[in-house]
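What follows is each chain in one-letter form.
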Amino acid sequence: MIELLGPAFLACLVLAGIHVYLGLHVLARGVIFVDLALAQVAALGLTVAFLAGHPIGSPAAYWYALAFAVAAGVFFALTRTRRPAVPQESIIGVVYAVSAAVAVIAVDRAPLGGEHIKQLLVGSILTVSAGDVAALAGLYAAIGLLHWALRRPLTEVSLDPEGAARAGRALVFWDLFFYASFALVVTSSVRVAGVLLVFAYLVVPAAIASLFVRSVRARLALGWALGAAVSAAGLWASWAWDFPTGATLVSAFGASIALAAVGIAAARTANAIRARGLAALRPAAAAASALVALAGALLVVLPGMDHPWLDAVESALPQVRHAFLAEDELEALRDTEDSLARGQAELDRLRRMEQDVRWGTLAMDAEREERLRQFIAGRAELVAGDELVLRTLRDKARGRQRFPLGLALAIGGGALAFFFGRRRRETAVPPSWSA
């Protein structure tokens, strides 16, 4: 595992090193999606190079992508004004949408066009070599040193453009420099990591760090630590569960910002409880009760739709479903669940074997490998059949649950939402007649 994931993890550290820093500038400027737009424009350049007959990893394709990205960066620099008639974020969004649409049109008739789009979106960071990592590290170190040498005007233009203008800074020049260097970084990153992962490295660690610390140095340190930790977790999840590496890393960054939001909400709730007691939980209780009422109403009106909350309840308390099934249906349910458990265990075993073959830890000739794929396909069909039987029995139970269970939840949840949501009247203090 170390031999395979080591270069990819080093590449993730290099990406985090430069993108967290640039992300702080992007957040300060309020152009959150500029990285996504520049990455998509660079991907459009790679697509044009691909259609012109150049492999994506070739130097020619790189220069195509860089030219497209720098042109977009110059455009963004020239359209940034202090009092814009149209917000720059909307211009950035238009550039992203148009470049994505043109890229789709361009590869529509190209061989393996779908695979090309997939590679541009999620990249192929798992195949990065030590030489690629060293080249990226050298380029990003040079750009980082140049930004450090010019940190004062760059920081002023990002954090306080009006103050920088009053101090005599040439805003257009510094914007051109920032976006040109930004385009160079993004172009180099997209070839390795893809559009979505580059955006995740730019925004998520910097955004989380901005929620917890104030100073630029502290945000950089926390952002780098988060980038390294989330990269390690995402790579491990990709290897352990055989998920696509780029998409798994992007999902890991999404999970990290969700956890940060939950932590902040929990801390604020704890502070509110200390200040006002349990009364601080009334809005949350009202919202939870309203969700219960909504879930019950949906069960009454649309029993055939998916109800994940009811699936979770029935998983913990099977009696909730069993009470609404006849004896013969219960017998079919138990038999199908046993068959599904055995089939899923066998399918997992076969998939682990296929994963070992893919990662090179298990040797297998071509004939046995093809036979293994056929076994997996056959077993997957049997598992799908068992799952279809379970869904049919679930739908029967849902149809019978809709009124006794759904109506009770809708009425009870609505009553509790009203109770917790109403304002408590303060008790009036009677006037005192004592002197």
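Our structure's up above, just so we're on the same page.
Now for a description of the structure that goes with this document.

Criteria and cut-off values
Residues numbered from 1 in each chain as written. Predicted model: local features only at pLDDT ≥ 70, side-chain atom pairs only at ≥ 80, totals over all residues. Heavy atoms only, no water. Helix = DSSP H or I, 4+ residues; strand = E, 2+ residues; numbered from the N terminus. Buried < 20%, exposed > 50% of the residue type's maximum accessible area, 1.4 Å probe, protein only. Contact = heavy atoms within 4.5 Å. Areas by Shrake-Rupley, 256 points an atom, 1.4 Å probe, with all protein chains shown as cover. Expected span 1.5 Å × (residues − 1). Polar contact = N/O pair within 3.5 Å; in protein donor to acceptor, adjacent residues only side chain to side chain. 1 Å grid on protein atoms, 1.4 Å probe; cavity = no way out; pocket = protein on both sides within 12 Å on 5 of 7 lines; lining within 4 Å. Points joined across faces, edges and corners; volume = space filled by probe spheres on them. Nonpolar A, V, L, I, M, F, W, Y, C, P; charged D, E, K, R; others polar. Phe/Tyr/Trp six-rings, centres within 6.5 Å; stacked < 30°, edge-to-face > 60°. Lys NZ or Arg CZ within 6 Å of the ring centre and 35° of its normal. Salt bridge = Lys/Arg side-chain N within 4 Å of Asp/Glu carboxyl O.

Thoughts on the overall build of the chain
Argument step 1. Secondary structure assignment for the chain yields 17 helices and zero strands.
Argument step 2. Per-residue burial for the chain yields a buried fraction of 37% across its 435 residues.
Argument step 3. Considering only contacts within the chain whose residues lie at least 6 apart along the sequence, 76% involve residues at least 24 apart.
Argument step 4. For the chain, the computed accessible surface area is about 23,900 Å², with 66% contributed by carbon and sulfur atoms.

Observations concerning helix H2 (residues 34-51)
Argument step 1. The end-to-end C-alpha distance of H2, which contains 18 residues, comes to 26 Å, matching closely the 26 Å that a straight helix rising 1.5 Å per residue would cover.
Argument step 2. The element H2 is extensively covered by neighbouring structure, given that 15 of its 18 residues are classed as buried.
Argument step 3. Looking one or two residues beyond H2, the residue adopting positive phi is Gly53, at roughly 100°.

Some words on the environment of Ala397
Argument step 1. Relative to the helices and strands, Ala397 resides in helix H17 (residues 366-421).
Argument step 2. As a C-alpha pair, Ala397 and Gly304 span 93 residues in sequence and 9.9 Å in three-dimensional space.
Argument step 3. For Ala397, the contacting residues outside a window of four places in its chain are Arg321, Phe324 and Leu325.

Concerning the side chain of Ser238
Argument step 1. Among the structural elements, Ser238 can be located in helix H11 (residues 216-241).
Argument step 2. Judged by its relative accessible area of 3%, Ser238 falls in the buried class.
Argument step 3. Of note is the side chain of Ser238, whose polar atom sits 3.1 Å from the side chain of Thr245.
Argument step 4. Not counting chain neighbours up to four residues away, the residues in contact with Ser238 comprise Phe243, Pro244, Thr245 and Thr248.

Overview of the side chain of Thr248
Argument step 1. Secondary-structure assignment places Thr248 in helix H12 (residues 245-276).
Argument step 2. Residues in contact with Thr248, not counting those within four places in the same chain, are Gly234, Ala237, Ser238 and Phe243.

Observations concerning the layout of surface pockets
Rolled over the atoms, a probe with the dimensions of a water molecule shows which regions are left empty.
Argument step 1. Size it by volume and the largest pocket reaches roughly 640 Å³.
Argument step 2. If you trace the largest pocket, you find 24 residues lining it, with Tyr21, His25, Arg151, Val216 and Leu220 closest to the centre.
Argument step 3. Here the lining of the largest pocket gets eight residues from one element, more than from any other, and that element is helix H1 (residues 2-29).
Argument step 4. Each residue belonging to the lining of the largest pocket can be placed in one class, and the counts come to 13 nonpolar, seven polar and four charged.

Focus on the packing of aromatic side chains
Argument step 1. Per the stated rule, a full pass over the model turns up eleven aromatic pairs.
Argument step 2. Relative to Phe177, the ring of Trp174 has its centre 6.3 Å away and its plane inclined at 85°; by these criteria the two rings are edge-to-face. Here Trp174 pairs with Phe177, and both are found in helix H9 (residues 171-193), just three residues apart, close to one helical turn.
Argument step 3. For Trp174, a relative accessible area of 12% gives the class buried.
Argument step 4. One aromatic cluster in this structure is built from Phe75, Phe76, Phe178, Tyr179 and Phe182.
Argument step 5. The ring of Trp148 has Arg151 lying over it, and the distance from NZ or CZ to the ring centre is 4.3 Å.
Argument step 6. Sitting above the plane of the Phe419 ring, Arg282 keeps its charged end 5.7 Å from the centroid.

Topic: the pattern of salt bridges
Pairing is possible between side chains that carry opposite charge, provided their charged atoms lie close to one another.
Argument step 1. Taken as a whole, this structure holds twelve salt bridges when the rule is applied.
Argument step 2. The closest approach of N and O atoms between Asp311 and Arg398, which form a salt bridge, is 2.5 Å. A residue pair is termed long-range when its members are at least 10 positions apart, and Asp311 in helix H14 (residues 308-316) and Arg398 in helix H17 qualify at 87 residues.
Argument step 3. A salt bridge links Arg373 to Glu369, with the shortest nitrogen-to-oxygen separation between them at 3.6 Å. Taken together, the residues Arg373 and Glu369, both in helix H17 and four residues apart, mark about one turn of the helix.
Argument step 4. Residue Arg373 is classed as partly exposed on the basis of its relative accessible area, which comes to 39%.
Argument step 5. Residue Glu369 is classed as partly exposed on the basis of its relative accessible area, which comes to 29%.
Argument step 6. Each member of the salt-bridge network shares a partner with another, and the members are Asp311, Glu314, Arg321 and Arg398.

A closer look at the environment of Val41
Argument step 1. Among the structural elements, Val41 can be located in helix H2.
Argument step 2. Judged by relative accessible area, which is 8%, Val41 ranks as buried.
Argument step 3. In this structure, the C-alpha to C-alpha distance between Val41 and Val95, residues 54 residues apart in sequence, is 7.9 Å.
Argument step 4. With near-sequence residues (within four places) excluded, Val41 lies in contact with Phe68, Ala69, Ala72, Val95 and Ser99.

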